Amino acid sequence: MGDQKNSISRDKPETGDATKSQSQTMWGGRFGGGPSAVMQEINASIDFDKRLYRQDIAGSKAHARMLAGAGILTADDAAKIEAGLTQIAGEIEAGEMVFDPALEDIHMHIEARLRELVGDAGARLHTARSRNDQVATDFRLWTRAAIDQLDGLYAGLQNALLNAAETYAGSIMPGFTHLQTAQPVTLGHHLMAYFEMVSRDRSRLADCRMRLNENPLGAAALAGTSFPIDRHKTSAELGFDKPMANSLDAVSARDFALEFLSVLSIGAVHLSRLADEFVLWATSAFGFLKLSDAFSTGSSIMPQKRNPDAAELVRAKVGRIMGAHTGLMVVMKGLPLAYSKDMQEDKAPVFQAVDDFELCLVAMTGMLEDFHPNTEAMKKAAGLGYSTATDLADWLVRALNLPFRDAHHATGAIVKYAEDNSLELSDVPLTEMQKIEPKITNDVFSVLSVEASVASRTSYGGTAPDNVRAAIKVARLELLNEK
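Residues numbered from 1 in each chain as written. Predicted model: local features only at pLDDT ≥ 70, side-chain atom pairs only at ≥ 80, totals over all residues. Heavy atoms only, no water.

### Observations regarding the pairing of strand β2 (residues 180-186)
Of the pairings in the sheet, the one linking strand β1 (residues 172-177) to β2 comprises six bridges and is antiparallel in character. Looking at the pairing, glycine 175 lines up with glutamine 183 of β2. (Pairing = 2+ DSSP bridges. Helix = DSSP H or I, 4+ residues; strand = E, 2+ residues; numbered from the N terminus.)

Quick look at the structure:
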């Protein structure tokens, strides 16, 4: 708050302003004076919770219809409320509503405007509910919609992975452990590993959605209500599976948001790992990939630079998303039942995490659709570092019936000879191999190429190109069956 525009008085109560006076009546006649400026600023959440307006209006419409059905509201009042709420939605979408921190949150803004439009009928809408169950309902509805939006973006990412994997199903590249060349794999197989990760991420999102899809509305402040409401009716209208079974839990539970952020954190880690590989592959040291101008930036001083900034930023966003999860965990960790004002801080981290995660999904999908690997450089690198040594050891077991540990030892000795003489495995003379293991025949050279290595990995889940194509076919059918 260093500049003049944002400075506030921390000791002067403000009681004369008409808008603030109206705000005060929203939460009752218990108070004789208005809040101080600092109280007003710390108490207001409209800057971030205004994005809940659609959910708040939907929940209010369902509540009004239920109240009318139960005889608590007249049909005329319910009709006025519904018309007023529809008008308010239009005003907000048109950018006509002026948001005032004195009205605290989106719920009060909508209620105040409704009273302006329909009078006493608007004042009756809050019968048999509290802001506690109202905001819990809005937040669940918003999170559910966010899950559905992200799931659709995830499906797009999966399709991009499948398309790239199919194109490069037979393209050979080095597989790494410890970032050291280990065994040859195919690029298609490598990309399909991320498809599997993303599939689990989507499954976790679906599980989270299932658990959050219970309705808090009607729990009121914390103890339920004495009015004869029908919580099953509002649940059905809002698309919830059922009402939440305990009123205390309904208003105080935020584990759905914690679970959601946990799922996003895991998904962000997967996106970050793929992004990091793009960063590595785009370096001159690897030379596996050249990103187009669409997902690169330059340098202000070095004209030759092409920086993979989109991938780097996807990699960085995981910190913000994990931070949102940790932050909300800390907010919730010490709160007694039921509601505490601390819980106003639940929405901002979720909103920010969703914004960041959605951007990461779109960026990663775009990079995959723009994917142009240097397959020749990948294949050349796949043959370095004695990557077919395991194939040699396996051949010794299969062809010569050596115990694997003996085959491993013999292969290690052959690799050492190759290394000492600056040779590739396939260039080691047969006579030198036979000095280490006399039973070796000329057939050994049939398994030492990278092509033979990947073609031989036909076990379920292996990297053989035919395996990769079969896995892609199954995956496409699964995505098609979702529609």
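### Observations regarding the packing of helix α4 (residues 53-69) against helix α8 (residues 131-167)
Remark: α4 packs on α8, axes separated minimally by 9 Å, with the N-to-C direction vectors making an angle of 120 degrees. Relative to α8, α4 is oriented oblique. Note on packing geometry: the crossing formed by α4 with α8 is right-handed. Each of Gln55, Asp56 and Ser60 in α4 lies in contact with α8, whose residues at this interface are Gln134, Asp138, Leu141 and Trp142. Of the residues belonging to the contact of α4 with α8, the class tally is two nonpolar, three polar and two charged. (Axes fitted to C-alpha atoms, helices over the stretch in contact; angles between N-to-C directions. Parallel < 35°, antiparallel > 145°, perpendicular 65-115°, else oblique. Left-handed = near helix turned anticlockwise from the far one by under 90°. Contact = heavy atoms within 4.5 Å. Nonpolar A, V, L, I, M, F, W, Y, C, P; charged D, E, K, R; others polar.)

### Quick look at a nonpolar patch on the surface
There is a patch of nonpolar side chains on the surface, built from Leu222, Leu248 and Leu337 and spanning about 270 Å² of accessible area. Relative accessible area serves as the criterion here: at 32%, leucine 248 is assigned to the partly exposed category. (Patch = residues over 30% accessible without salt bridge, like charges linked within 9 Å, V, L, I, M, F, W, Y side chains within 5 Å. Areas by Shrake-Rupley, 256 points an atom, 1.4 Å probe, with all protein chains shown as cover. Salt bridge = Lys/Arg side-chain N within 4 Å of Asp/Glu carboxyl O. Buried < 20%, exposed > 50% of the residue type's maximum accessible area, 1.4 Å probe, protein only.)

### Some details on helix α17 (residues 404-420)
Spanning 17 residues, α17 covers 24 Å between terminal C-alpha atoms, matching the ideal 24 Å at 1.5 Å per step. Among the residues of α17, Ala407, Ala410, Thr411, Ile414, Val415 and Ala418 are the ones counted as buried. Mapping the buried residues of α17 onto a view down its axis gives an arc of 145 degrees, with all of them on the same face. For α17, exposure combined with an orientation more than 90 degrees from the buried face picks out Arg405, His409, Glu419 and Asp420. For α17, the secondary structure elements touched by its buried residues are α16 (389-400) and α18 (430-436). Positive phi shows up at serine 422, right after α17, with a value of about 55 degrees. (Expected span 1.5 Å × (residues − 1). Arc of directions from axis to C-beta.)

### Section: the confidence of the model for the protein chain
Reading fine detail from the predicted coordinates is not recommended where pLDDT is low. With 91% of its residues at a pLDDT of 70 or more, the protein chain shows a mean pLDDT of 90. For the stretch residues 1-24, pLDDT sits under 50, and the model shows 34 contacts to residues farther than four places along the chain or on other chains. (pLDDT = per-residue confidence, 0-100.)

### Some remarks on the pattern of salt bridges
Note on pairing: side chains with opposite charge can pair once their charged atoms come close. For the structure on display, the rule yields 27 salt bridges. Lysine 379 serves as the salt-bridge partner of glutamate 451, at 2.7 Å between the closest nitrogen and oxygen. Taken together, the residues span a long stretch of sequence, with glutamate 451 in helix α19 (residues 450-456) and lysine 379 in helix α15 (residues 375-382) at a distance of 72 residues. Three or more residues are tied together by salt bridges with common partners; here these are Arg65, Glu82 and Glu237.

### Topic: the packing of aromatic side chains
In this structure the tally under the stated criterion is nine aromatic pairs. With a centroid separation of 5.9 Å and an interplanar angle of 90 degrees, the aromatic rings of tyrosine 168 and phenylalanine 371 are classed as edge-to-face. Taken together, the residues tyrosine 168 in the loop between α8 and β1 and phenylalanine 371 in the loop between α14 (347-369) and α15 connect sequence positions 203 residues apart. For the pair tyrosine 168 and phenylalanine 371, one class covers both residues: buried. Here the aromatic rings of phenylalanine 286 and phenylalanine 288 are separated by 5.3 Å at their centres, their planes lie at 85 degrees, and the arrangement is edge-to-face. A relative accessible area of 23% means that phenylalanine 286 is categorised as partly exposed. (Phe/Tyr/Trp six-rings, centres within 6.5 Å; stacked < 30°, edge-to-face > 60°.)

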